[in-house]
Amino acid sequence: PALGVGVGNAVITVDETANLDDAAEKIRISKTLDLAASCSSDNSVLLVDAIYEPMLEKLLQQGGYLVSAEEKQKLEHTLWHDGHLNTAIVAQPAEKIAGMAGIELPEGKRFFIVPESGWGPEFPFSGEKLSVVMTLYRVRDIDDAIRHTNGIQAYQGQGHSCGIYSNS
């Protein structure tokens, strides 16, 4: 399939029973291995409310960089041109994407974390990104996570991959 046509959009949930250190490390590896060129790379991560803050902290410790609202706009204009994924950002290191977007990336940061609330064309970060950009959602519980996963994948990635970190 053509680039950005929903070839993949893996959605990963972390629930309140998960080993957060283990989940954060594995998400970082998935997001940075081969610079996220694989369509199986963790693309959207859903954190249940009960562990949202501590898990976000662990993702930051793993080299994640939480973008501000202003940086999110810059990143969006860099990742997509006229609604199409900009091939120049695919499988590029975070420093290069930051430079293209005009974002000051602190040393040691290896992937972007972009907070999002919805999915579909009005929320481009809910789609396939093929880059070291991870979309982050805060969900109430497992039922809300399932609803989000179905919505995100109905937009791009239907029938692709999803996963969960849980000990339940």
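The structure we're discussing is the one just above.
What counts and what doesn't
Residues numbered from 1 in each chain as written. Predicted model: local features only at pLDDT ≥ 70, side-chain atom pairs only at ≥ 80, totals over all residues. Heavy atoms only, no water. Helix = DSSP H or I, 4+ residues; strand = E, 2+ residues; numbered from the N terminus. Rg over C-alpha atoms; globule rule 2.2 N^0.38 Å. Buried < 20%, exposed > 50% of the residue type's maximum accessible area, 1.4 Å probe, protein only. Contact = heavy atoms within 4.5 Å. Pairing = 2+ DSSP bridges. Axes fitted to C-alpha atoms, helices over the stretch in contact; angles between N-to-C directions.

**Looking at the overall build of the chain**
Of regular secondary structure, the chain possesses five helices and eight strands. Secondary structure elements in the chain, listed N-terminal to C-terminal, are β-α-β-α-β-α-β-β-α-β-β-α-β. Against the globule reference of 15 Å for 168 residues, the chain gives a C-alpha radius of gyration of 14 Å, in line with a compact fold. Considered along the principal axes of its C-alpha atoms, the chain spans approximately 40 × 35 × 25 Å. Taking all 168 residues of the chain together, the buried fraction comes to 50%. Across the chain, the fraction of contacts at a sequence separation of at least 24, relative to all contacts at a separation of at least 6, is 74%.

**Observations concerning the sheet that holds strand β6 (residues 111–115)**
What holds strands together in a sheet is hydrogen bonding between their backbones, with the strands either parallel or antiparallel. A sheet is described by the order of its strands in space; here six strands give the open sequence β3-β6-β7-β2-β1-β8, paired in parallel fashion. Every interior strand has two partners, whereas the edge strands, β3 (64–66) and β8 (162–165), have only one. Sheet twist, expressed as the average angle between the axes of neighbouring strands with direction ignored, equals 25 degrees. As paired strands, strand β2 (residues 42–48) and strand β7 (residues 133–139) are joined by five bridges and run parallel to one another. Each bridged residue has a counterpart across the sheet, and for leucine 47 the counterpart in β7 is arginine 138. Docked against the sheet, helix α3 (residues 69–79) engages β3, β6 and β7, running at close to 115 degrees with respect to β6. Packing of helix α5 (residues 142–155) onto the sheet brings it into contact with β1 (10–14), β2, β7 and β8, and relative to β1 it is tilted by some 170 degrees.

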